[in-house]
Amino acid sequence: MKEQRSKVQILDVTLRDGEQTRGVSFSASEKLNIAKFLLQNLKVDRVEIASARVSQGELESVRRIMEWANSESVGDRIEILGFVDSHKSVDWILASGAKTLNLLTKGSLKHLEGQLKKSPREHFEEVSETISYAKKNGLEVNIYLEDWSNGYLNSKEYVLDFVSHLSNEPLGKIFLPDTLGVLAPEETYAGISLLTQKYPELHFEFHGHNDYDLSVANCLFAVKAGAKGLHVSVNGLGERAGNSPLEAVITALHDKAGIHTGVDEKAITEASRLVEVFSGKRISANRPVVGEDVFTQTAGVHADGDKKGNLYANPILPERFGRKRSYALGKLAGKASISENLKQLGLVLSPEVEKKVLEKVIELGDKNKTITPEDLPFIIADVSGSSGSQSALKIIDCKINSGLGIRPKAFVALELNGKQYSEEGEGDGGYDAFMSALANIATKAGISIPRLVDYEVRIPPGGKTDALVETMITWNKAVENHEEENFKTIGVHSDQTIAAVLATEKMLNLILQAWQT
């Protein structure tokens, strides 16, 4: 295999290819904020933010991004996809203020003949004419060989003829897309090697798709074959199975290929969350690097091994990505799992009480209940037979009225340290009305309510209308040194809104407990 370089360029295509994900459309403001984060915080080399001629709104979006980029002297790191379309894409890009055209051409004979109905010579001449027009107007030009992977597999001579033609053009980079995600790692290596050996002076980049779930491996083999750049998207957004996922590609390059990318690993998690929120596409809990559960040990024996020299840790340590290891609570939990969670909460129990807590956790796990570290104080109070500060606050009455055509209202009464409070509130929904009433009480009682970050409802598969509903709410609170952290509380009830109310009651008690300690 070829000798690996110490650095490859990273082009992020989240804002262009990522919008080909079903149901994803970023607003102008969202595109600007993502572009800023990718370049300034995550520190990718370049970003492709749009396709030319999509809409007037897209043109204005690109203009806004370019105004910011030029003010920060990063305008040359912004790229736009354009087409061989008689100058129209070039004119659109010039109007946007962008400086780089990524020209989409046909990388396979099948696509050329089946879609454009043209001969290779006709296509090559039109491509050259577009390049000439773009260069005369001051644009940098890169070339996409769309469907290159099928071109290499099924029309190799066409690909070689096209690259030979392009080698004489004033181009920056040539992009080799596995447009339909058909390549295996060995095929990726062979196809790119063919070109890098024949044209060592050219800059080739690999653009992978993940239809066989091989895009990360293909990226590694592309670099080994001589590719000088890789295209990725945050959370793997993209058409069908998506593009090569930034988070996994970067981690694999750093760890397995000894490649430096310049990407700041500590910003990867935040980038993932930002794109998750703006795209509306939740990532799976077990997604490598950024998934909610990937740094969680579930089996008690694993937690025990971590206490005895990190025996179950791999090189993908959570601290690299600004995260922490956690230990799941459930029927597989062991004593070490309980101990680690208690340690993180700053709690110390007698061996007898700790044993009872473990038994209760396993019992709840057998009933398929989700247990979070924040539930431990309540479990401790339950098994030890004492209420203590955890039950300093109790909601004693809650009435919520909502329906079609009416403004939801709520009445809430609670008891705090022997004193009763009651208030009414209105909102956009039943729970929103409850929180409005609660906010009025909090003002009187001097309680600070943390910010609600996420609200999840879980109904058992096949559950009937009277089934128990589990509502998990994620809250964000300020901690020492003005930093913030998230914590979760869970409520269980046959009524979804009341389950949320119970989760909120838990949150209030946790806040009060923190104040008292």
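Every value quoted in this text rests on a predicted model; they were computed, and no experiment measured them.

The next point concerns the pairing of strand β1 (residues 9-12). Strand direction decides the pairing type here: β1 and strand β8 (residues 229-232), joined by four bridges, are parallel. Bridge pairing links Gln9 to Gly229 in β8. Of the pairings in the sheet, the one linking β1 to strand β2 (residues 46-51) comprises two bridges and is parallel in character. Among the inter-strand pairings, Asp12 is bridged to a residue of β2, identified as Val47.

To continue, consider the packing of helix α1 (residues 28-42) against helix α2 (residues 56-71). Taken N-terminus to C-terminus, the directions of α1 and α2 make an angle of 35°; their axes are 9 Å apart at the nearest point. Considering the relative orientation of α1 and α2, their crossing is right-handed. Between α1 and α2, the contacting residues are Ala28, Ser29, Lys31, Leu32, Ala35, Lys36, Leu39 and Gln40 on the first element and Glu58, Ser61, Arg64, Ile65 and Trp68 on the second. Residues belonging to the contact of α1 with α2 are distributed by class as follows: six nonpolar, three polar and four charged.

The next point concerns α1. Along its 15 residues, α1 runs 20 Å from first to last C-alpha, staying within 8% of the 21 Å computed at 1.5 Å per residue. Taken together, the buried positions of α1 are occupied by Lys31, Leu32, Ile34, Ala35, Phe37, Leu38, Leu39 and Leu42. Tucked inside the fold, the buried residues of α1 contact β1, β2, α2, β3 (78-83), α10 (246-256) and α11 (268-279).

Following both chains from N to C, one finds helix α5 (residues 120-136) and helix α7 (residues 156-166) inclined at 30°, their axes separated by 11 Å at the closest point. Taken together, the axes of α5 and α7 lie roughly parallel to each other. The crossing of α5 and α7 is right-handed. In this structure, α5 uses Pro120, Arg121, His123, Phe124, Val127, Ser128 and Ile131 to contact α7, whose residues at the interface are Tyr158, Asp161, Phe162, His165 and Leu166. Its residues placed into classes, the contact of α5 with α7 shows seven nonpolar, three polar and two charged.

All right, on to the sheet that holds strand β11 (residues 393-401) then. Pairing is antiparallel across the open sheet formed by three strands, whose spatial order is β11-β12-β13. The open sheet has two edge strands with one neighbour each: β11 and β13 (419-426). When the angles between neighbouring strand axes are averaged without regard to direction, this sheet yields 15°. Two strands pair when backbone bridges link them, and strand β12 (residues 409-416) and β13 are joined in this way by eight bridges, in the antiparallel orientation. If you follow Glu415 over to β13, its bridge partner there is Gln420. Relative to β13, helix α16 (residues 430-445) is tilted by about 135°, and along the sheet it contacts β11, β12 and β13.

Turning our attention to the nonpolar core. One finds Leu42, Trp148 and Leu253 to be the most contacted residues of the largest nonpolar core, which totals 87 residues. Considering each element in turn, this core owes the most residues, seven residues, to α1. Beyond its immediate chain neighbours, meaning those up to four positions away, Leu253 contacts Val8, Ile10, Leu220, Val223, Leu230, Gly258, Ile259 and Thr261.

A barrel is described by the order of its strands in space; here eight strands give the closed sequence β1-β2-β3-β4-β5-β6-β7-β8, paired in parallel fashion. Ignoring strand direction, the axes of neighbouring strands in this sheet form an average angle of 30°. By the bridge criterion, four bridges tie β2 to β3 in an arrangement that is parallel. The partner of Ser51 across the bridge, within β3, is Leu81. Here α7 sits on the sheet and contacts β4 (100-106), β5 (140-146), β6 (174-177) and β7 (204-207); the angle it forms with β5, its principal contact strand, is near 175°.

In this section: the confidence of the model for the chain. For the chain, the mean per-residue pLDDT works out to 87, and 82% of the residues sit at or above 70. Contacts for the low-pLDDT stretch residues 298-306, under 50 throughout, to residues beyond four places or in other chains number 27 contacts. In this model, residues 385-390 is a region of pLDDT below 50 whose contacts with residues beyond four sequence positions or in other chains number nine contacts.

One can find Glu415 in strand β12. According to the relative accessible area criterion, Glu415 is partly exposed, its value standing at 32%. Between the C-alpha atoms of Glu415 and Ile395, which are 20 residues apart in sequence, the distance is 6.4 Å. Excluding residues that lie within four positions of it along the chain, Glu415 makes contacts with Ala392, Leu393, Lys394, Ile396 and Gln420.

Each pair of aromatic rings is reported with the distance of its centres and the angle of its planes. Applying the stated criterion across every chain yields a total of seven aromatic pairs. Judged by centre distance (4.8 Å) and plane angle (70°), the rings of Tyr144 and Phe175 are edge-to-face. Residue Tyr144 is located in strand β5, and its partner Phe175 is located in strand β6; the two are separated by 31 residues in the primary sequence. The exposure class of Tyr144 is buried, given its relative accessible area of 2%. Members of the aromatic cluster, each reached through a chain of ring pairs, are Phe124, Tyr158 and Phe162. Residue placement shows Lys477 over the ring face of Phe487; its charged tip is 5.1 Å from the ring centre.

How each quantity is defined
Residues numbered from 1 in each chain as written. Predicted model: local features only at pLDDT ≥ 70, side-chain atom pairs only at ≥ 80, totals over all residues. Heavy atoms only, no water. Pairing = 2+ DSSP bridges. Helix = DSSP H or I, 4+ residues; strand = E, 2+ residues; numbered from the N terminus. Axes fitted to C-alpha atoms, helices over the stretch in contact; angles between N-to-C directions. Left-handed = near helix turned anticlockwise from the far one by under 90°. Contact = heavy atoms within 4.5 Å. Nonpolar A, V, L, I, M, F, W, Y, C, P; charged D, E, K, R; others polar. Expected span 1.5 Å × (residues − 1). Buried < 20%, exposed > 50% of the residue type's maximum accessible area, 1.4 Å probe, protein only. Parallel < 35°, antiparallel > 145°, perpendicular 65-115°, else oblique. Core = buried A, V, L, I, M, F, W, Y, C linked by side-chain atoms within 4.5 Å. pLDDT = per-residue confidence, 0-100. Phe/Tyr/Trp six-rings, centres within 6.5 Å; stacked < 30°, edge-to-face > 60°. Lys NZ or Arg CZ within 6 Å of the ring centre and 35° of its normal.

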